[in-house]
Amino acid sequence: MAKLLSCVLGPRLYKIYRERDSERAPSGVPETPTSVTAPPSSSWDTYYQPRALEKHADSILALASVFWSISYYSSPFAFFYLYRKGYLSLSKVVPFSHYAGTLLLLLAGVACLRGIGRWTNPQYRQFITILEATHRNQSAENKRQLANYNFDFKSWPVDFHWKEPSSRKESGGGPSCQGVALLRPEPLHRGTADTLLNRVKKLPCQITSYLVAHTLGRRMLYPGSVYLLQKALMPVLLQGQARLVEECNGRRAKLLACDGNEIDTMFVDRRETSEPQGQKLVICCEGNAGFYEVGCISTPLEAGYSVLGWNHPGFAGSTGVPFPQNEANAMDVVVQFAIYRLGFQPQDIIIYAWSIGGFTATWAAMSYPDISAVILDASFDDLVPLALKVMPDSWRGLVTRTVRQHLNLNNAEQLCRYQGPVLLIRRTKDEIITTTVPEDIMSNRGNDLLLKLLQYRYPCVMAEEGLQVVRQWLEASSQLEEAASIFSRWEVEEDWCLSVLRSYQAERGPDFPWSVGEDMNADGRQQLALFLAQKHLHNFEATHCTPLPAQNFQMPWHL
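Residues numbered from 1 in each chain as written. Predicted model: local features only at pLDDT ≥ 70, side-chain atom pairs only at ≥ 80, totals over all residues. Heavy atoms only, no water.

If you look the protein up in an unreviewed UniProt entry, it shows as Phosphatidylserine lipase ABHD16A from Vulpes vulpes. Recorded under Catalytic activity (unreviewed entry), the UniProt text for the protein is reproduced unchanged: "Hydrolyzes glycerol monoesters of long-chain fatty acids." According to the UniProt record, the Sequence similarities (unreviewed entry) comment for the protein reads "Belongs to the AB hydrolase superfamily. ABHD16 family." (UniProt positions renumbered as here; feature names shortened; annotations may be inferred.)

1. Things to note about the nonpolar core
Ranked by internal contacts, the top residues of the largest apolar core, which has 98 residues, are Ile283 and Ile351. The element that contributes the greatest number of residues to this core is helix 10 (residues 324-341), accounting for nine residues. (Core = buried A, V, L, I, M, F, W, Y, C linked by side-chain atoms within 4.5 Å. Buried < 20%, exposed > 50% of the residue type's maximum accessible area, 1.4 Å probe, protein only. Helix = DSSP H or I, 4+ residues; strand = E, 2+ residues; numbered from the N terminus.)

2. As for the packing of helix 7 (residues 196-221) against helix 13 (residues 396-406)
Axis separation between helix 7 and helix 13 bottoms out at 9 Å; the angle between their running directions is 75°. In terms of axis orientation, helix 7 runs roughly perpendicular to helix 13. Here Cys205, Gln206, Thr208, Ser209, Tyr210, Val212, Ala213 and His214 of helix 7 come into contact with helix 13, specifically with Leu398, Arg401, Thr402, Gln405 and His406. Split into classes, the residues belonging to the contact of helix 7 with helix 13 amount to five nonpolar, seven polar and one charged. (Axes fitted to C-alpha atoms, helices over the stretch in contact; angles between N-to-C directions. Parallel < 35°, antiparallel > 145°, perpendicular 65-115°, else oblique. Contact = heavy atoms within 4.5 Å. Nonpolar A, V, L, I, M, F, W, Y, C, P; charged D, E, K, R; others polar.)

3. Digging into the confidence of the model for the protein
For the protein, mean pLDDT is 89; residues scoring 70 or higher make up 90% of the total. Segment residues 21-45 is flagged for pLDDT under 50; beyond a separation of four residues in sequence, or across chains, it makes 47 contacts in the model. (pLDDT = per-residue confidence, 0-100.)

4. Examining the side chain of Ser6
The residue Ser6 is located in helix 1 (residues 2-9) in this model. Residue contacts for Ser6: discarding those within four places in its chain leaves Ile128 and Glu132.

5. Examining the packing of aromatic side chains
Using the criterion set out here, one finds 18 aromatic pairs in the structure. Here Phe127 and Tyr149 contribute two aromatic rings whose centre-to-centre distance is 5.1 Å and whose plane-to-plane angle is 50°, an arrangement assigned as tilted. Of this pair, Phe127 sits in helix 4 (residues 122-136) while Tyr149 is found in strand 2 (residues 149-151), placing the two residues 22 residues apart along the sequence. Judged by its relative accessible area of 0%, Phe127 is buried. Looking at Tyr149, the relative accessible area reads 2%, which means it is buried. Members of the aromatic cluster, each reached through a chain of ring pairs, are Tyr48, Tyr124, Phe127, Tyr149, Phe151, Phe153 and Trp156. For Arg252, the ring lying beneath its charged end belongs to Trp156, and the centroid distance is 5.8 Å. Sitting above the plane of the Phe153 ring, Lys254 keeps its charged end 5.2 Å from the centroid. (Phe/Tyr/Trp six-rings, centres within 6.5 Å; stacked < 30°, edge-to-face > 60°. Lys NZ or Arg CZ within 6 Å of the ring centre and 35° of its normal.)

6. Remarks on the environment of Val245
For Val245, the position within the fold is in helix 8 (residues 227-246). With 228 residues separating them in the primary sequence, Val245 and Tyr17 have C-alpha atoms 7.8 Å apart.

7. Some remarks on the pairing of strand 9 (residues 373-377)
For strand 9, the tally of buried residues reaches five of five residues, placing the bulk of the element in the interior. Here strand 9 shows a buried face lined by Ala373, Ile375 and Asp377 and a second buried face lined by Val374 and Leu376. Relative to strand 9, strand 8 (residues 349-354) runs parallel, the two sharing five bridges. When the sheet's bridge partners are listed, Tyr352 is paired in strand 9 with Ile375. Running through helix 11 (residues 358-367), the crossover from strand 8 to the neighbouring parallel element strand 9 is right-handed. (Pairing = 2+ DSSP bridges. Right-handed = clockwise from strand over helix to strand, strands pointing away.)

Next up, the structure:
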């Protein structure tokens, strides 16, 4: 009877992976008392096949879930319509509640029938036995057997806790339960006395901004968190996850962040290969509709690196909602997991981000300054210009206030706090992070990210003359011939530039900002500015969503 109840309340099982010989327990090692014997490998090579009763009951419950999601998103309009028609009176609501209660009882009955269907299936009974054993005892053998199943991630046991690192326990440092530290925006109106009257005046605007951010704004910024989109992508995500597990020997793990969100991760270990890049770990930060199952993780994988992918809060198996604070909390526990559980040193970790993933990448670079390098592909400097691009001009004040207070993705500000090597990849046909049209390459916000980084690190070089020549190079570098002509026109000598920078570093140290170029003539500053711009930004002739080829995944330049 207990097993039947477990089948009724258990998670949905999607796939049983092929068992890999490299993961089988050594023959001389005894199993723990709670370990479960796995089925033979011949039964591990297909999608899980539910019995007819479970299959049809699952279809009904899935359809009910979709209808519930549609009802949730359309509820404001539905309530407004019902109110106008007078259907929200007590005499109308009571019969409706009876209908709703009857429907819930019917769905509960369907769930029980699904449980009976699972109970009659030996594959599901085997799975639920392993799952319960793993929750009781997370031994290596139990977790190895559980990893052969792909099921609803809510039931996956937590593998790593944000409080786990011993250094945090001893020092009491690290994030609080409220979250990690973020850079806060400056007040919109400086010098204004923060009196009670001013607070009351601002209250309606603050309420409006909050509502916009938590309804329309968040879903526009992170469409991948919308349930209906995830439901439509489910077959693709399952296929991508199967590829990572079966072909790349990926290991899935659940991380518990300091805000209580559970983060879905996938780790592919290449340290035992002969390739030297396998000793480096690339942590991948996906875009606003990207998932590690089908995202930018494929680029460093093809290049031979060890890779750690993770999903934004609210994406696929990760819980929560993707606001900046939650995003930073998730990134923090991912980096901690890489260091304290996977055993990588910060000097062996590279942060690679695509598009909106630049926010968490730059936060990690700012917060973990010993990280080896940062690579930002198709990213931007600040969210406000891009948000203003897609909203009416009359909403400018509301959009700016909402972004700054609730959705402040200040990538450039965070990146300037990082002292290590940085590489920016600009898509020359990018249609997403341009503020006009894709053909106008100077409206690409990747340009602004480069300029802000160089202006912070080399303020004397990036004075008026240097800034002007770099802008010319950015405008022309969509065509290699024009870019080369600019370099030849200004007679950029790489050996001279390197000698100047190395001598300054040897004399003054590596910490930015540098005052190199303050005693230099205009021609020298322009040469240095062009040299530095070329080293920090590479062009990739493609649109925003084109996968980056492995040969374009290069380590950033450093002295």
